[in-house]
Structures are given as structure tokens and as C-alpha cells.
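# Geometric and topological summary
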Amino acid sequence: MYLQLTPRELTFRDEVRAFLSSSVPRDIREKMLNDGRLSKEDIVRWQRILNVKGWAVPHWPVEWGGTNWTAVERYIFREEMQAFPAPPPLDFAVDMIGPVLIAHGSDEQKRQFLPRIANLDDWWCQGFSEPGAGSDLAALKTAARRDGDEYVLNGQKIWTTMAHYADWMFCLVRTARGEKKQNGISFLLVNMKSEGITVRPIITMEGDHEVNEVFFDDVRVPAANLVGEQDRGWDYAKFLLSNERATIARVGVSKARIRRIKELAASEYCMGRPMIENRRFREKLAAVEVELKALEMTQLRLVAGEEGNGRTGSSDATASLLKIKGAEIQQATTELLVELAGHFAMPFIDNESQELVGDCWNGPFVTPEWAARAAPTYFHWRKMSIYGGSDEIQRNVLARGIFGR
Ligand SMILES: Cc1cc2nc3c(=O)[nH]c(=O)nc-3n(C[C@H](O)[C@H](O)[C@H](O)COP(=O)(O)OP(=O)(O)OC[C@H]3O[C@@H](n4cnc5c(N)ncnc54)[C@H](O)[C@@H]3O)c2cc1C
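Reference entry: report on the structure contained in this document. Model, not experiment: these values are computed from the prediction. (Residues numbered from 1 in each chain as written. Predicted model: local features only at pLDDT ≥ 70, side-chain atom pairs only at ≥ 80, totals over all residues. Heavy atoms only, no water.)

### Regarding the overall build of the protein chain
A tally of helices and strands in the protein chain yields 14 helices and ten strands. Put simply, the protein chain has 405 residues, and 49% of those count as buried. Long-range contacts, defined here as pairs at least 24 residues apart, represent 74% of the contacts in the protein chain between residues at least 6 apart. For the protein chain, the computed accessible surface area is about 19700 Å², with 53% contributed by carbon and sulfur atoms. (Helix = DSSP H or I, 4+ residues; strand = E, 2+ residues; numbered from the N terminus. Buried < 20%, exposed > 50% of the residue type's maximum accessible area, 1.4 Å probe, protein only. Contact = heavy atoms within 4.5 Å. Areas by Shrake-Rupley, 256 points an atom, 1.4 Å probe, with all protein chains shown as cover.)

Written as C-alpha cells, this is what we have:
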């Protein structure tokens, strides 16, 4: 098997690069290079540029806006976007609920939601986790009682990313109590503007507002918003979660950050010499690069395998492997940035979050923006080993794949 791109694939890569150079708004790219926070408007703006080009949802069927690209072409596109860097698609919409609706949604749901997902007209959030039901997701308690043509929801979700932006939530709810707790769960689409929904911010340790608690108090949801069959939501959730983990390695993101670290290390000095000449720093950087190359090769082997046998998506075990290694490498790159920034890597709180945490010092930047963001970025990305299934859970999945049950 050759892990080299064919001439056709190289031409395709050049086409993607040319498009990114001419189309990614400069201010958005600049923010990403400095590990700045993208606004909702930034992400929507970029998604609409992609949609006009016809590249918003390349992995979907052509009838819903897909491209018919090969697995390798899809891989190239994703990696090039990450490495440029350009904003990732809103994964809750494009990679999670979109494919679930395509596979299991009603015709009406497809017509109503899919074009709006491609254009990011609706912002989606994921309502799976609850207090006491994270790793053990099937223990969830939020209840949906059928009442005529509606379900009535009561309960609580937690860690809901960007729920404060969301128009819609895809949500797991308990509709019955079976002998097995995986039975009796249903998959509902909930309009976030419905009466009885309260969204409360959770401020994370870097001072950011990204995650929330969501409370349901007699929220009425039309029965037409049920995806697939009642009580079979666990099957659809499993399908969704393996898609979530498969896109999480983010090799291109780490490549972009390493490129940036090298640029900065050439101009940041320690004891009179650029950091790039510091032996210990170089060794650490090289070790991360070697790991990243190995992860890239693993991912390419999987993509080549997909291409060869017509399978799409990776198995549970390989998705877990990519997630663990991808997270470790991304966390290592943020650590290198903190080392580069030295004592300038002081955490700060932006104005929006400050309103939520109350009165505390928030002076102007006295360092380059990248350095002021180094520590918050480092703390922010600790989340990678928790969300989408914690590292311990991924290791359990891997062990089961290797040793059997
Ligand atoms: C930043 C962030 C964003 C998130 N966004 C969303 C979102 O948008 N929507 C959503 O639904 N959820 C979201 N989550 C929730 C996330 O999926 C859960 O946090 C995760 O599944 C872990 O669940 P938990 O927090 O309840 O921890 P727990 O399940 O309570 O685990 C606590 C610790 O015990 C370990 N553990 C638990 N069970 C086992 C076991 N069987 N074997 C070995 N170790 C075990 C875990 O690995 C962990 O270290 C988000 C989480 C974070 C941190």
C-alpha cells in the first residue's frame, strides 16, 4: 500500500489550498493563528462561504449537497482546512445530527433541516450528558411523556456546548423503563426557543463561557420531532458518537500549531538565544512531531483501507485510538506554547466572560496576543481528554477491541 498521494490527489490538494487562500476571511485566520475565540458570526460566515462553493457538507449524499469525493479527497480537504487554518464546521450540525437525519430521519425532517444545516441557518447543540449520566450515558433520566401529538420533557442536561447560541438541540430522553437501561431511550429534536427551557452558563477554568446547564420544565415537543422509532434512540446515538470520535484527531490543527511554534521559537529569546536553539525545547518539539507523523500515517492507513474496501467511517477501536493520540498531541502543543511564552503566559479573562464571573482584574494586554492566550489555551484544551468520551473510556473500548469482552 502506498501512503503517497496520486498526481490527481495532489492536483485536488492544490485546488483546496488555492480556494482557502482566496476565500478564508483574513480576520478569521488571524484569530485562529493566535488561538483567539471564534464568534458565532465567524463560524456562520465561513460555513456560508463553503456552502456557496458547494463544499459545506462534502461527505453527505449528493442529493443533500455532498460532493462524491473519495475518502482520500475528504481527508485532504479536512486536513488542509485545519492546517490553513480555517474554522471547522459546526460538528454538532454537520458531522453529528446531519448524518443521523440522513440515515434515520423522516423525509419531512430531512427537507426541513438538512439545507439549513449546510448553510448553518440553525445552530445545533448536543443534549446527551446529564449529572450522573456522562460515561454511563444510558443512565440518563430526562423524561419525555407522550401527551397526544406532543412529548412533555422534564429534567436536566449538562456540559451542553454552545447551548447559549443554539436554535435546536438533539436530545436523548427516557420514554420507557426497560430491563436494559439502553432500551426506552428516544432521540428528539428540541426547539431551544420553546417555553420551559432555561440555559445557565458554566464558566470553565480559563474563564471562558462555552458550556452550559440546560433545564427542561414541562417543555412541549411535537411528536413529529422524534427521530426514527420511539425507544430506539440508543442505536442512533451510538451511530452519532462513532462519527464524533472519528473526526477528533485533528492532525491538521496540530500541524498548524507546530508551524506557529517554530516561527515563534525563532524570534522568542531565552538567555540571549532563540528558543529554537534551546536543546531541551527542541527535543520536546521533535518528540511531539514524531508522534504527530505516526498519527498522520495511522490516519492515512485507515483512509486508504476505507478506500480499498468501500467501508466508510472507522471502527469503534480505531476511532478511540485516534481520539486518545490526537488529544495527547494537541495538549502537548499547547504546553509548548506556554513554555515559549514563559511568564507572559498569564491567564486573563475576556470582557464577555468577566460579566459572568464578576469583578476581577482585567487589564489590557501587555504582551503579544499569542502569549496572553497561551495559558488559557492550554487550560481550554484539557477538555479534549474528557469530552466525546473520556480517555479511560476510550482505553476500555480499545481493550475490548483487542482482548474481546
Ligand atoms: C468541555 C466539555 C464539553 C462537552 N460538551 C458536551 C455537549 O455538548 N453535549 C453533551 O451531551 N455532553 C458534553 N460533554 C460531556 C462529556 O461527554 C462528558 O463529560 C464525558 O462523557 C464524561 O462524563 P462525566 O463528565 O459525567 O464524567 P464521569 O462519567 O462521572 O467520569 C468521571 C471519571 O471517572 C472515569 N470513569 C467513569 N466510568 C469509568 C469506567 N467504566 N472505567 C474507567 N473509568 C471510568 C472517567 O474516565 C472520568 O475520569 C462535554 C464535556 C466537556 C468537558
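Now that the structure has been shown, we can carry on.
### Topic: the packing of aromatic side chains
In total, this model carries 16 aromatic pairs according to the counting rule given. On the numbers, 4.9 Å between centres and 80 degrees between planes, the contact of phenylalanine 113 with tryptophan 168 is edge-to-face. With phenylalanine 113 in helix α6 (residues 107-118) and tryptophan 168 in strand β4 (residues 168-174), this residue pair connects regions lying 55 residues apart in the sequence. This pair shows no difference in class: phenylalanine 113 is buried, exactly as tryptophan 168 is. An aromatic cluster of three or more residues is present, and its members are Phe113, Trp124, Phe128, Trp168, Phe170, Phe187 and Tyr236. (Phe/Tyr/Trp six-rings, centres within 6.5 Å; stacked < 30°, edge-to-face > 60°.)

### Some thoughts on the site of the ligand
Neighbouring residues of the ligand: 18 residues in total, closest Ser135, Trp159, Thr161, Ser390 and Glu392. Between the ligand and serine 129 there is a distance of 2.8 Å, counted from a nitrogen atom to a side-chain nitrogen or oxygen. In the model, a nitrogen atom of the ligand is placed 3.1 Å from a nitrogen or oxygen of the asparagine 396 side chain. Coverage of the ligand by the protein amounts to 65% of the 980 Å² it exposes when considered alone. Sorting elements by how many residues they give to the shell around the ligand places helix α14 (residues 391-403) first, with three residues. (Near = heavy atom within 4 Å. Polar contact = N/O pair within 3.5 Å; in protein donor to acceptor, adjacent residues only side chain to side chain.)

### Quick notes on unusual backbone geometry
Following phenylalanine 84, the chain continues into proline 85 via a peptide bond in cis, with omega recorded as -5 degrees. Position of proline 85 among the secondary structure elements: in the loop between α4 (71-83) and α5 (91-104). For aspartate 35, which is not glycine, the phi torsion reads 55 degrees and is therefore positive. Classification of aspartate 35 as partly exposed rests on a relative accessible area of 23%. The backbone of tryptophan 159 sits at a positive phi, close to 60 degrees, despite the residue not being glycine. One can find tryptophan 159 in the loop between β3 (150-158) and β4.

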